[in-house]
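An overview of the molecular structure
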Amino acid sequence: MFTHVMVGANDPDKSIIFYDAALGALGVSGNRMGNRCFYGNMGKGGAFAVGEPIDGEPATFANGGTIGFGAKSRAEVDAFHAAGCANGGTCEGKPGERSGAPGNPYGAYLRDPDGNKICAFTTAK
């Protein structure tokens, strides 16, 4: 459906450390290209990227925006949350069941170092 989703970073090094840890817990690695890093495979199924805004203006986060990542297990969700919190992120919702979401998934929410909201979800029991 999409080729990529990109969020801005005011301190790319700090943000890449955060995303390497949080997404690494989900089995996703990054490919750094200067002040940007792309995670996943842009040519096959979409990618997530983080980096300095190309226009030179400060990065800001989307109010009401959330980017969700799939996890294979509850353990991966827990590892995603722990790794993100330990590497510059903040908790926006501890790991647990999300009964209000379709399929009653298990998920966790984080804010990255620039305030972007991300989450990881699984329907595995």
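If you're wondering where the values come from, they're calculated on a predicted model, not measured in any experiment. (Residues numbered from 1 in each chain as written. Predicted model: local features only at pLDDT ≥ 70, side-chain atom pairs only at ≥ 80, totals over all residues. Heavy atoms only, no water.)

**A few points about the packing of helix α1 (residues 12-24) against helix α2 (residues 74-86)**
Note the following rule: Axes here mean lines fitted to C-alpha atoms, for a helix over just the part in contact, with angles spanning 0 to 180 degrees between N-to-C directions. Only DSSP runs of H or I with at least four residues qualify as helices, and only runs of E with at least two residues qualify as strands; both kinds are numbered from the N terminus onward. Any angle between 65 and 115 degrees counts as roughly perpendicular, while under 35 counts as roughly parallel, over 145 as roughly antiparallel, and the rest as oblique. Left-handed is the label given to a crossing in which the near helix is rotated counterclockwise from the far helix by less than a right angle, and right-handed is the label when the rotation is clockwise. Between two residues, a contact is recorded if the distance between any of their heavy atoms is within 4.5 Å. Each residue is assigned to one class: nonpolar for Ala, Val, Leu, Ile, Met, Phe, Trp, Tyr, Cys and Pro, charged for Asp, Glu, Lys and Arg, and polar for all the others, Gly among them.
The N-to-C vectors of α1 and α2 enclose an angle of 165°; their axes lie 7 Å apart at closest approach. One element, α1, and the other, α2, form an angle in the roughly antiparallel class. Here the hand of the crossing between α1 and α2 comes out right-handed. From α1, Phe18, Ala21 and Ala22 reach across to α2, where they touch Phe80, Ala83 and Gly84. Per-class residue counts for the contact of α1 with α2 are five nonpolar, one polar and no charged.

**As for the environment of Ala124**
Its place among the elements puts Ala124 in the segment after β8 (117-122). In this structure the C-alpha to C-alpha distance between Ala124 and Gly88, which are 36 residues apart in sequence, comes to 28 Å. Setting aside residues no more than four positions away along its own chain, Ala124 makes contact with Lys72, Ser73 and Arg74.

**Here's the deal with the sheet that holds strand β2 (residues 30-33)**
Defined as follows: Any two strands with at least two DSSP-identified bridges between them are counted as paired.
The mixed open sheet is built from four strands, whose spatial order is β1-β4-β3-β2. Both outer strands of the open sheet, β1 (4-8) and β2, are each paired with one neighbouring strand and no more. Recorded for the sheet is a direction-independent mean angle of 20° between the axes of neighbouring strands. Packed onto the sheet, α1 meets β1, β2, β3 (36-41) and β4 (46-51) and runs at close to 20° relative to β3.

**Some remarks on the pairing of strand β5 (residues 67-70)**
To be explicit about the condition: Exposure classes here rest on a 1.4 Å probe applied to the protein chains alone. A residue is buried below 20% of its type maximum, exposed above 50%, and partly exposed in between.
On β5, burial follows the alternation: Ile67 and Phe69 on one face are buried, whereas Gly68 and Gly70 on the facing-out side are not. When β5 meets β8, the two strands line up parallel, connected through four bridges. Pairing of Gly70 across the sheet is with Phe121, part of β8.

**A look at the nonpolar core**
Condition: Residues grouped as a nonpolar core are buried Ala, Val, Leu, Ile, Met, Phe, Trp, Tyr and Cys residues, joined through side-chain atoms within 4.5 Å.
Ranked by internal contacts, the top residues of the largest apolar core, which has 22 residues, are Tyr19, Tyr39, Phe48, Val50 and Ile118. Contributions of two or more residues to this core are made by α1, β3, β4, β5, α2, β7 (106-111) and β8. Here Phe48 is in contact with Val5, Val7, Tyr19, Leu23, Cys37, Phe38, Tyr39, Ile67 and Phe69, once residues within four sequence places are set aside.

**Let's talk about the layout of surface pockets**
Here is the rule we go by: Here a cavity denotes a set of grid points, spaced 1 Å apart and computed over the protein atoms alone, in which a 1.4 Å probe fits but from which it cannot get out, and a pocket denotes an open set meeting protein on both sides within 12 Å along at least five of seven lines; residues with an atom within 4 Å of a point are reported as lining. Grid points are joined across faces, edges and corners, and a volume is the space filled by probe spheres set on the points.
What the largest pocket holds in volume is close to 230 Å³. In terms of lining residues, the largest pocket is bounded by 18 residues, among which Val28, Phe48, Gly68, Phe69 and Gly70 are the most central. When residues of the lining of the largest pocket are traced back to their parent elements, those giving at least two are β3, β4 and β5. No other element matches β5, which puts four residues into the lining of the largest pocket.

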